[in-house]
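# Structural characterization, general
Next come the chains, spelled out residue by residue.
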Amino acid sequence: KRKGLIIALSNRDEETLEPILSFTMRYIVKPRYTSLLVGVANLLCDIYRPIMGQSETIDELFEKLRRSVALECKAQKALLKIVGQIDAIAWGFETQRMERALEKLEG
């Protein structure tokens with residue numbers, strides 16, 4: 001499977017690479033597509049890294065893709081912190097509830 005994807009993404013000129021990069025950049029942050037497009041983005045970077053600097057358009061799209069992924073990572077980290085805080089609060093409430101239940105059983 002991976003080899004077929006490499007073949008499909010390779011040997012593209014600016015005109016045929018641009019739509020793939022644009023789609024990847026636009027949809028990589030959408031949960032429905034993320035798992036597939038992270039792999040595609042990695043392959044695109046691996047395949048086209050040697051020609052970076054030869055096309056301003058392609059370089060711009062790679063930079064936009066990089067920024068998009070960086071922003072998504074930052075947002076995910078913030079969400080994970082919030083989830084951790086919510087878990088801590090929920091654990092505190094659960095602990096209090098259990099303590100009250102034990103007090104009722106003992107008293």
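That block above? That's the structure.
The structure contained in this document is the topic of the report that follows. (Residues numbered from 1 in each chain as written. Predicted model: local features only at pLDDT ≥ 70, side-chain atom pairs only at ≥ 80, totals over all residues. Heavy atoms only, no water.)

Turning to the packing of helix α2 (residues 14–27) against helix α3 (residues 31–48), a few remarks are in order. At their nearest, the axes of α2 and α3 sit 10 Å apart, and the two run at 140 degrees to each other. Taken together, the axes of α2 and α3 lie oblique to each other. In the packing of α2 onto α3, the handedness of the crossing is left-handed. Contacts between α2 and α3 involve L17, I20, L21, F23, T24 and Y27 on the former and, on the latter, Y33, L37, V40, A41, L44 and Y48. Class assignment for the residues of the contact of α2 with α3 results in eleven nonpolar, one polar and no charged. (Axes fitted to C-alpha atoms, helices over the stretch in contact; angles between N-to-C directions. Helix = DSSP H or I, 4+ residues; strand = E, 2+ residues; numbered from the N terminus. Parallel < 35°, antiparallel > 145°, perpendicular 65-115°, else oblique. Left-handed = near helix turned anticlockwise from the far one by under 90°. Contact = heavy atoms within 4.5 Å. Nonpolar A, V, L, I, M, F, W, Y, C, P; charged D, E, K, R; others polar.)

For the rest of this paragraph, the subject is α3. The terminal C-alpha atoms of α3, which comprises 18 residues, lie 25 Å apart, in line with the 26 Å expected from a rise of 1.5 Å per residue. Along α3, the sharpest change in direction is near 40 degrees and occurs at L37. Where α3 is concerned, the buried positions are L37, V40, A41, L43, L44 and Y48. (Expected span 1.5 Å × (residues − 1). Bend = angle between axes of the 7 residues up to and from the residue. Buried < 20%, exposed > 50% of the residue type's maximum accessible area, 1.4 Å probe, protein only.)

The subject of this paragraph is the packing of aromatic side chains. In total, this model carries three aromatic pairs according to the counting rule given. Taking 4.6 Å as the distance between ring centres and 35 degrees as the angle between the ring planes, the aromatic pair formed by F23 and Y27 counts as tilted. Taken as a pair, F23 and Y27 lie in helix α2 at a separation of four residues, close to a single helical turn. Owing to a relative accessible area of 24%, Y27 belongs among the partly exposed residues under this scheme. Seen in terms of ring centroids, F23 and Y33 are 6.1 Å apart; in terms of plane orientation they differ by 80 degrees. Their pairing is edge-to-face. Remark: Y33 occurs in helix α3 and F23 occurs in helix α2; sequence separation between them is ten residues. (Phe/Tyr/Trp six-rings, centres within 6.5 Å; stacked < 30°, edge-to-face > 60°.)

Turning our attention to the pattern of salt bridges. Counted according to the given criterion, the structure contains three salt bridges. Put simply, R49 and D46 hold a salt bridge, and the shortest N to O gap is 3.7 Å. Using a relative accessible area of 45% as the deciding quantity, one classes D46 as partly exposed. (Salt bridge = Lys/Arg side-chain N within 4 Å of Asp/Glu carboxyl O.)

Attention now moves to a negative patch on the surface. Residues D13, E14, E15 and E18 make up a contiguous surface patch of negative charge. Mapped onto the elements, E15 comes out in helix α2. (Patch = residues over 30% accessible without salt bridge, like charges linked within 9 Å, V, L, I, M, F, W, Y side chains within 5 Å. Areas by Shrake-Rupley, 256 points an atom, 1.4 Å probe, with all protein chains shown as cover. Lys, Arg positive; Asp, Glu negative; His and termini not counted. Charge placed at Lys NZ, Arg CZ, Asp CG, Glu CD.)

As for its position among the elements, S10 is in the loop between α1 (2–9) and α2. The residues touching S10, leaving out its near neighbours within four places in the chain, are I47 and Y48.

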